[in-house]
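Observations on the model geometry
Take a look at the letters that make up each chain.
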Amino acid sequence: MKKILFILCCSILVLAACSQKEEKEHMEHDHVTHLDNGDIQETTSSTDVLPEFLNEQSEDMQLIYQAAAKANDVLKWMPCYCGCGDSAGHKSNFNCFVDEIKENGEVVWDDHGTRCAACLETAVTSIKMVQEGKSLTEIRAAIDEAYKEGYAKPTDTPMPS
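Note that residues are indexed from 1 along each chain, following the sequence as it is written. Owing to the predicted nature of the model, reporting of local features is limited to residues with pLDDT of at least 70; listing and counting of side-chain atom pairs is limited to 80 or more, with chain, interface and lining totals taken over all residues. Only hydrogens and water are set aside; all other atoms, that is, all heavy atoms of the structure, feed into the side-chain values.

**Things to note about the packing of helix 2 (residues 59-70) against helix 5 (residues 117-131)**
For the pair helix 2 and helix 5, the least separation of the axes is 10 Å and the interaxial angle reads 60°. For the element pair helix 2 / helix 5, the angle class is oblique. Crossing of helix 2 against helix 5: the hand is left-handed. Between helix 2 and helix 5, the contacting residues are Met61, Ile64, Ala67 and Ala68 on the first element and Leu120, Val124 and Ile127 on the second. Angles shown run from 0 to 180 degrees and are taken between the N-to-C directions of axes, each axis being a line fitted to C-alpha atoms and, for helices, limited to the stretch in contact. In DSSP terms, a helix is any run of H or I states spanning at least four residues, a strand is any run of E spanning at least two, and both are numbered starting from the N terminus. Angle categories are assigned with fixed cut-offs, so that under 35 degrees is roughly parallel, over 145 is roughly antiparallel, 65 to 115 is roughly perpendicular, and the rest are oblique. Crossing handedness: left-handed means the near helix sits turned counterclockwise from the far one by under a right angle, and right-handed means the same turn made clockwise. Here a residue-residue contact requires only that any non-hydrogen atoms of the pair lie within 4.5 Å.

Put into structure tokens, the structure is as follows:
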């Protein structure tokens, strides 16, 4: 787990330094939806099956997505400060990676996080802080403090109880 955390943290630095591909491959599958805001959503059978839109992304990006999907209980309490609340209707940082996990275990992934350093940093920081033993309220306070100036209005994310 520490190796994954190390890779996740390193990937943020790499992603911040490198620009992501703007080119999108045209996909026509029953499990892929192109949203009006430009995001792609793709459904897979579980959090262990990553979406095809990650095939051309780095292994680090794939690890972040997989970790984010498994950290719903944390990320659903963390706001995103990239403006996706207004532009994409996201309710939390979790939605930058996953739109929903259905009752049958299927996952509706969102490619928004592949193009947004703030989304990636929030997820990695939150997951890292959980591993350090921080509470949800401590993590939320740290995220809110880190993004309080110079970022878009946060998603309308409830405070952890």
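**Comments concerning helix 6 (residues 136-146)**
Of all the positions in helix 6, only Ile139, Arg140 and Ile143 are classed as buried. Taken around the axis of helix 6, the buried residues stretch over an arc of 100°, which confines them to a single face. Those residues of helix 6 hidden inside the fold are in contact with helix 5. Burial classification: accessible surface area is computed with a 1.4 Å probe over protein chains only, and a residue below 20% of its type maximum counts as buried, one above 50% as exposed, and the rest as partly exposed. Each C-beta atom gives one direction from the helix axis, and the arc is the one those directions make.

**Thoughts on helix 2**
Every helix has an expected span of 1.5 Å times one less than the residues it contains. Between the first and last C-alpha of helix 2 there are 17 Å, a value that for 12 residues agrees with the 16 Å anticipated at 1.5 Å per step. The set of residues buried in helix 2 consists of Met61, Leu63, Ile64, Tyr65, Ala67, Ala68 and Ala69.

**Here's the deal with the sheet that holds strand 3 (residues 98-101)**
One open sheet holds the 4 strands; their spatial order is 1-2-4-3, and the pairing between them is antiparallel. Each of the sheet's edge strands pairs with one partner strand only, and the pair in question is strand 1 (32-34) and strand 3. Direction aside, the axes of adjacent strands within the sheet are offset by 15° on average. Paired strands, in this sense, are two strands between which DSSP finds at least two bridges.

**A few points about the pairing of strand 4 (residues 107-110)**
Neither face of strand 4 is exposed, since Val107 and Trp109 on one face and Val108 and Asp110 on the opposite face are all buried. Here strand 3 runs beside strand 4; their pairing, made up of 3 bridges, is antiparallel. Note on strand 4: the bridge partner recorded for Glu100 is Val108. Here strand 3 folds back onto strand 4, and the loop between the two strands holds 5 residues, one of which, Gly105, carries a positive phi near 95°.

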